[in-house]
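Listed below, chain by chain, are the residues.
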Amino acid sequence: MSVITYRQALHDALRSEMLRDENVFLIGEEIGLFEGSYKITAGMLAEFGPKRVRDTPIAEEGFTGAAIGAAMLGLRPVVEIMTINFSLLALDQIVNHAAKIYGMFGGQSRVPMVIRTPGGGGQQLGATHSQNIELYYAFVPGMKVVAPSSPADAKALMIAAIRDDDPVLVLENLALYNTKGEVPDADDPAEIGRAAITRQGADITVVAYSRMAAVALQVAAQLAESDGIDVEVVDLRSLRPLDRETIVSSVRKTNCAVVLEDDWLTYGIGAEIAATISDGAFDWLDAPVRRVAMAEVPLPYAKPLETAALPSADDVISAIRQTLDAVARRR
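Conventions used here
- Residues numbered from 1 in each chain as written.
- Predicted model: local features only at pLDDT ≥ 70, side-chain atom pairs only at ≥ 80, totals over all residues.
- Heavy atoms only, no water.
- Salt bridge = Lys/Arg side-chain N within 4 Å of Asp/Glu carboxyl O.
- Helix = DSSP H or I, 4+ residues; strand = E, 2+ residues; numbered from the N terminus.
- Buried < 20%, exposed > 50% of the residue type's maximum accessible area, 1.4 Å probe, protein only.
- Pairing = 2+ DSSP bridges.
- Axes fitted to C-alpha atoms, helices over the stretch in contact; angles between N-to-C directions.
- Parallel < 35°, antiparallel > 145°, perpendicular 65-115°, else oblique.
- Left-handed = near helix turned anticlockwise from the far one by under 90°.
- Contact = heavy atoms within 4.5 Å.
- Nonpolar A, V, L, I, M, F, W, Y, C, P; charged D, E, K, R; others polar.
- Polar contact = N/O pair within 3.5 Å; in protein donor to acceptor, adjacent residues only side chain to side chain.
- Phe/Tyr/Trp six-rings, centres within 6.5 Å; stacked < 30°, edge-to-face > 60°.
- Lys NZ or Arg CZ within 6 Å of the ring centre and 35° of its normal.
- Core = buried A, V, L, I, M, F, W, Y, C linked by side-chain atoms within 4.5 Å.
- Expected span 1.5 Å × (residues − 1).
- Arc of directions from axis to C-beta.

**Description of the pattern of salt bridges**
For the structure shown, the criterion picks out 20 salt bridges. A salt bridge links arginine 76 to aspartate 165; the nearest nitrogen and oxygen atoms lie 2.5 Å apart. Here aspartate 165 lies in the loop between helix H7 (151-163) and strand S7 (168-173) and arginine 76 lies in strand S4 (residues 76-80), a separation of 89 residues in the sequence. With a relative accessible area of 16%, arginine 76 lands in the buried category.

In structure tokens:
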């Protein structure tokens with residue numbers, strides 16, 4: 001077990017899989033000579049050469065399509081799209097080809113590829129470079145979408161994604177790259193589609209993913225110390241497939257829930273989680289499900305406005321207290 005950053009965990013997963021399987025190769029903008037915009041691919045070009053670490057032009061639709069073709073022919077490409085915002089330029093390739101080829105051709109051809117891309121606000125990159133648009137892809141049958149919140153999950157889910165025979169989108173939040181945590185030295189894959197209860201609790205369930213799952217753990221520790229509130233944290237880890245069973249089981253235990261996301265509230269992933277709770281645990285609920293999300297605006301560049309628009313630990317604490325107050329009034 002080593003203590004490393006989220007960034008290093010992703011790097012180690014890519015390197016170990018390239019050493020394990022010669023069919024794995026990397027493709028994307030500035031991943032070779034420049035070693036990636038966020039240095040995930042540092043040292044890869046020197047170690048594996050330009051055949052397996054392929055710099056591309058600024059043409060997301062083109063190199064994503066090339067990767068799809070390579071995957072259909074037996075290779076395992078890992079596409080780096082510099083930011084999830086730029087994946088919109090490859091939307092047709094991802095949604096209409098990568099996600100549908102297996103089904104449209106009756107299983108005769110698979111697309112074992114990974115698209116890894118960072119997203120999220122808080123870095124003063126402006127409205128068009130700070131979005132969390134994972135909903136676009138989690139919505140699409142044929143895709144798998146994972147969102148690790150810790151270095152350990154970043155490594156294990158990346159390994160699982162590379163070994164999977166379907167297209168997998170790996171979401172990396174920019175705010176997590178420098179976070180540290182314990183990571184097993186073994187190269188064991190996670191189970192895609194399985195949520196994790198990262199903190200056991202009895203009073204309330206908090207469901208989150210990516211950066212907000214890390215915030216949930218911080219809030220849970222703070223409330224346990226300051227108020228004696230026992231928060232259970234469910235980290236989704238996978239957005240498609242979605243582990244509804246773990247969510248419902250937790251809420252049936254605690255009888256109330258708060259759902260967190262780093263995206264806009266309307267039509268969000270949190271809405272799907274709330275619907276899942278309603279379907280599976282309605283009779284167990286002692287209060288309405290509350291949701292915490294970002295302000296429904298294009299994210300401002302100015303730091304005070306950007307910070308105000310993004311969901312914070314204080315927002316989560318407020319939602320938890322309001323929910324528990326509602327429970328207390330009913331009892």
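**With respect to the sheet that holds strand S5 (residues 114-119)**
With mixed pairing, the 7 strands of this open sheet are ordered in space as S3-S2-S4-S5-S7-S6-S12. Where the open sheet ends on each side, the last strands, each with one partner, are strand S3 (53-55) and strand S12 (238-240). In this sheet, neighbouring strand axes are inclined to one another by 20° on average, regardless of whether the strands run parallel or antiparallel. Of the strand pairs in this sheet, strand S6 (residues 144-146) and S7 are connected by 3 bridges, and their pairing is parallel. Opposite valine 146, over in S7, you have valine 170 as the bridge partner.

**Section: the packing of helix H1 (residues 6-20) against H7**
Between H1 and H7, the least distance of the axes is 8 Å, while the angle of their chain directions is 30°. As the angle between them shows, H1 and H7 are arranged roughly parallel. Taken as a pair, H1 and H7 cross one another with a handedness that is right-handed. Here H1 contributes Tyr6, Ala9, Leu10, Ala13, Leu14, Ser16, Glu17 and Arg20 to the contact with H7, which in turn contributes Pro151, Ala154, Lys155, Met158, Ile159, Ile162 and Arg163. Of the residues contributing to the contact of H1 with H7, the split by class is 10 nonpolar, 1 polar and 4 charged.

**Quick look at the sheet that holds strand S10 (residues 204-208)**
An order of S9-S11-S10-S13-S14 is seen for the 5 strands of this open sheet, with the pairing classed as mixed. Two strands lie at the open edges of the sheet, namely strand S9 (196-199) and strand S14 (290-294), each paired on one side alone. The mean angle between the axes of side-by-side strands here comes to 25°, regardless of whether they run parallel or antiparallel. In the sheet, S10 pairs with strand S11 (residues 231-235) via 5 bridges, with the strands oriented parallel. Its bridge partner being in S11, valine 206 is matched across the sheet by valine 233.

**A closer look at the side chain of arginine 76**
Within the structure, the side chain of arginine 76 is placed 3.0 Å from the backbone oxygen of isoleucine 162, a separation counted as a polar contact. The contact partners of arginine 76, leaving out residues within four places of it in the chain, are Asp21, Asn23, Val24, Phe25, Pro112, Ile162, Arg163, Asp164 and Asp165.

**Quick look at the packing of aromatic side chains**
Tallied over the entire structure, the rule returns 2 aromatic pairs. Their ring planes at 35° and their centres at 5.5 Å tell us that tyrosine 38 and tyrosine 177 sit as a pair that is tilted. Of this pair, tyrosine 38 sits in the loop between strand S2 (24-28) and helix H2 (44-48) while tyrosine 177 sits in the loop between S7 and strand S8 (180-183), and the two are 139 residues apart along the sequence. The exposure class assigned to tyrosine 38 is partly exposed, which follows from its relative accessible area of 23%. Given the relative accessible area of 2%, tyrosine 177 is considered buried. These aromatic residues form a ring-pair network of at least three members: Tyr6, Tyr38 and Tyr177. Over the aromatic face of phenylalanine 34 sits the side chain of lysine 39, whose NZ or CZ is 3.8 Å from the ring centroid. Sitting over the face of the ring of tryptophan 284, arginine 252 holds its NZ or CZ atom 4.0 Å from the ring centroid.

**Notes on the nonpolar core**
Formed by 47 residues in total, the largest nonpolar core has its most connected members in Val79, Met113, Leu236, Leu239, Ile247, Ile273 and Ile277. Secondary-structure elements contributing two or more residues to this core are S2, helix H3 (60-72), helix H4 (91-98), helix H6 (134-138), S7, helix H9 (244-254), strand S13 (257-264) and helix H10 (269-281). The leading source of residues in this core is H3, at 5 residues. If we skip the residues at most four places from it in the chain, leucine 239 touches Glu134, Ala138, Val145, Leu171, Tyr209 and Ile269.

**Focus: the packing of H9 against H10**
Where H9 meets H10, the axes come as close as 9 Å, and the angle between the chain directions of the two elements is 65°. When you trace H9 past H10, the crossing you get is right-handed. Where H9 abuts H10, its residues Arg244, Ile247, Val248, Val251 and Arg252 lie against Glu272, Ile273, Thr276, Ile277, Gly280 and Ala281. Of the residues that constitute the contact of H9 with H10, the class distribution is 6 nonpolar, 2 polar and 3 charged.

**Quick notes on H3**
It helps to recall that an α-helix has 3.6 residues per turn; residues three or four apart then point in one direction. Between its first and last C-alpha atoms H3 spans 18 Å; for 13 residues at 1.5 Å apiece the expected length is 18 Å, and the two agree. Buried within H3 are the following residues: Glu60, Phe63, Thr64, Ala67, Ile68, Ala70 and Ala71. Looking straight down H3, one finds that the buried residues subtend no more than 165° of arc, so they occupy a single side. Buried residues along H3 sit against S2, S4, H4 and helix H5 (101-104).

**With respect to the side chain of aspartate 164**
Tracing the backbone shows aspartate 164 in the loop between H7 and S7. A distance of 2.9 Å separates a polar atom in the side chain of aspartate 164 from a polar atom in the side chain of lysine 144. Excluding its chain neighbours within four sequence positions, the residues that come into contact with aspartate 164 are Arg76, Pro112, Lys144 and Ile192.

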